[in-house]
Amino acid sequence: MAKKGKDYFGMPWLISLIFAIIPVTSWLFGAVTRFQEGKFLAGLLRLLLGWNIIWIIDIILMLFTGKILRLLNI
């Protein structure tokens, strides 16, 4: 069973999973989440690259861990 994380703005896991599956919301919410964490370079990379392989990885990670990919922690 997947861990019930709250990654997109503190939303419940199922709602976050639905938003992760939709490409536009995953791209936008992923970038905004990283900007809110103060990780500006990571947020910028998500805006530029978040529509491709990062989107698929986010879906898989949301299913199994309840969190999105943290590619850069700077």
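This text follows the structure it describes.
Residues numbered from 1 in each chain as written. Predicted model: local features only at pLDDT ≥ 70, side-chain atom pairs only at ≥ 80, totals over all residues. Heavy atoms only, no water.

1. A word on the packing of aromatic side chains
- Within the structure shown, the criterion is met by 4 aromatic pairs.
- Taking the centre distance of 5.0 Å and the plane angle of 80 degrees together, the rings of Phe 9 and Phe 29 count as edge-to-face. Separated by 20 residues along the polypeptide, Phe 9 in the segment before α1 (13–21) and Phe 29 in helix α2 (residues 23–36) bring together distant segments of the chain.
- With a centroid separation of 6.0 Å and 40 degrees between ring planes, the pair formed by Phe 35 and Phe 40 is classed as tilted.
- The class of Phe 35 is partly exposed, set by a relative accessible area of 29%.
- The structure contains a cluster of three or more aromatic residues connected by ring pairs, namely Tyr 8, Phe 9, Phe 19 and Phe 29. (Phe/Tyr/Trp six-rings, centres within 6.5 Å; stacked < 30°, edge-to-face > 60°. Helix = DSSP H or I, 4+ residues; strand = E, 2+ residues; numbered from the N terminus. Buried < 20%, exposed > 50% of the residue type's maximum accessible area, 1.4 Å probe, protein only.)

2. Notes on a nonpolar patch on the surface
- Side chains of Leu 14, Ile 15, Ile 18, Ile 22, Val 24, Trp 27, Leu 28 and Trp 51 sit close together on the surface and give an oily, nonpolar patch of about 760 Å² of accessible area.
- Mapped by element, the contributors of at least two residues to the nonpolar patch are α1 and α2.
- Looking at where Ile 15 falls in the secondary structure, it is placed in helix α1. (Patch = residues over 30% accessible without salt bridge, like charges linked within 9 Å, V, L, I, M, F, W, Y side chains within 5 Å. Areas by Shrake-Rupley, 256 points an atom, 1.4 Å probe, with all protein chains shown as cover. Salt bridge = Lys/Arg side-chain N within 4 Å of Asp/Glu carboxyl O.)

Note that all results are geometric; they support no functional claim without further evidence.
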